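Architecture and fold: a report
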Amino acid sequence: MNETPMVRFDKVSKRYGPLTVLDALELDIAANEKVAIIGPSGSGKTTVLRMLMTLEPVDEGVIYIDGEPLTHTPRNGQLMRADRAHLKRMRANVGMVFQHFNLFPHMSAVKNCMEAPMTVLGLSRDEAYARAAELLAMVGLGDKLDHYPAQLSGGQQQRVAIARALAMRPRVMLFDEVTSALDPELCGEVLAVIRELGAAHDLTMLMVTHQMGFAREFADRVCFFDQGKIAEQGAPEELFAEPRNERTRQFLSAVM
Ligand code: ADP
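Values in this document were obtained by computation on a predicted structure and should not be read as measured data.

All right, on to the overall build of the chain then. Each helix and strand counted, the chain has 9 helices and 12 strands in total. Against the globule reference of 18 Å for 256 residues, the chain gives a C-alpha radius of gyration of 18 Å, in line with a compact fold. Along the three orthogonal principal directions, the C-alpha set of the chain runs to about 50 × 50 × 40 Å. Residue burial in the chain is summarised as follows: out of 256 residues, 38% are buried.

This is the structure we're talking about:
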């Protein structure tokens, strides 16, 4: 049981001026593991995802994907800042779905899903179309390929965003509060897609969520963040039923 973790944060710190957002974070996520990140606003949850997407630089420490440094390359026995080719290759391992969908508004659902596979992976138009159509069907939108984002409900847009991320065939999928901009009746269809993905695909999944019920049901492990650190983590049935940390107890009693 000594396998290389799919994701490793090795003493990763992040600061904005005087504010320490992540404080020497250590977090290993096994291949195919489903991890939920919970915690108060401002505790650094989104920053963890943004760093994995290389949207935020790391100040200290190293992030590894399947044993390979994400934003560094070994040179002369030291880890140096990686070049663009390395970043491009490593980025392809990670897909992210955002709170506010972030679809291209001037592109149809299928075009949204074809863009990156064509420009980044070099797929032909036909290959990209076939892949996009298959994924849109999988998220229940096989009849909406030519719809533009404005013609779709929030839940449908979010499912397009999931298909778009999957079209890059990432090994790690990140979900950042993907239901918090949705009306409650539309959350279910998005969570159902995520649930199905978790069951059917060989995917490592990391999600920031305020939906404790979903975290409890879906995650193999829940990490409670507080002030840039993991204050407590464990299997959901333990962490939710018997939190050991006083901060976790306070947080859970406020949100559940
Ligand atoms: P969470 O997702 O847990 O709410 P975040 O990771 O979004 O927390 O943010 C952690 C802290 O970092 C917050 O206090 C936030 O205001 C701050 N922060 C995030 N991004 C920036 C930025 N670009 N510049 C300055 N401060 C930031």
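On to the environment of glycine 154. Mapped onto the elements, glycine 154 comes out in helix H5 (residues 154-166). In this structure, the C-alpha to C-alpha distance between glycine 154 and histidine 100, residues 54 residues apart in sequence, is 9.0 Å. With residues near it in sequence (within four places) discarded, glycine 154 still touches Ala181, Leu182, Asp183 and Leu186.

The next subject is the confidence of the model for the chain. When the pLDDT values of the chain are averaged, the result is 93; 99% of them are 70 or greater. Interface confidence in the predicted complex, given as ipTM, is 0.95; pTM for the same model is 0.93.

Across the interface, helix H3 (residues 109-119) lies against helix H4 (residues 125-138) with an axial gap of 8 Å and an inter-helix angle of 130 degrees. Regarding the angle of H3 to H4, the classification is oblique. For H3 against H4, the interelement crossing comes out right-handed. Residue-level inspection shows Ala109, Val110, Cys113, Met114, Pro117 and Met118 of H3 in contact with H4, the latter providing Arg125, Ala128, Tyr129, Arg131, Ala132, Ala133, Leu135 and Leu136. Across the contact of H3 with H4, the residue classes break down as 12 nonpolar, no polar and 2 charged.

Reading across the sheet, the 4 strands line up as S2-S1-S4-S5 and stay open at both edges, with antiparallel pairing between neighbours. The strands lining the two open edges of the sheet, one partner per strand, are strand S2 (19-29) and strand S5 (68-69). Of the pairings in the sheet, the one linking strand S1 (residues 7-16) to strand S4 (residues 60-65) comprises 5 bridges and is antiparallel in character. In the strand pairing of S4, phenylalanine 9 is matched with isoleucine 63. With respect to the sheet, helix H1 (residues 45-52) is in contact with S1, S2 and S4, its orientation differing from that of S1 by roughly 115 degrees.

All right, on to unusual backbone geometry then. The backbone of lysine 11 sits at a positive phi, close to 50 degrees, despite the residue not being glycine. Here lysine 11 falls in the exposed class, since 12 other C-beta atoms lie within 10 Å of it. Of note in the backbone geometry, arginine 169 takes a positive phi value of approximately 50 degrees without being a glycine. The topology assignment puts arginine 169 in the loop between H5 and strand S9 (172-176).

The rules we used
- Residues numbered from 1 in each chain as written.
- Predicted model: local features only at pLDDT ≥ 70, side-chain atom pairs only at ≥ 80, totals over all residues.
- Helix = DSSP H or I, 4+ residues; strand = E, 2+ residues; numbered from the N terminus.
- Rg over C-alpha atoms; globule rule 2.2 N^0.38 Å.
- Buried ≥ 20, exposed ≤ 12 C-beta atoms within 10 Å, placed from the backbone.
- Contact = placed C-beta atoms within 7 Å.
- pLDDT = per-residue confidence, 0-100.
- Axes fitted to C-alpha atoms, helices over the stretch in contact; angles between N-to-C directions.
- Parallel < 35°, antiparallel > 145°, perpendicular 65-115°, else oblique.
- Left-handed = near helix turned anticlockwise from the far one by under 90°.
- Nonpolar A, V, L, I, M, F, W, Y, C, P; charged D, E, K, R; others polar.
- Pairing = 2+ DSSP bridges.

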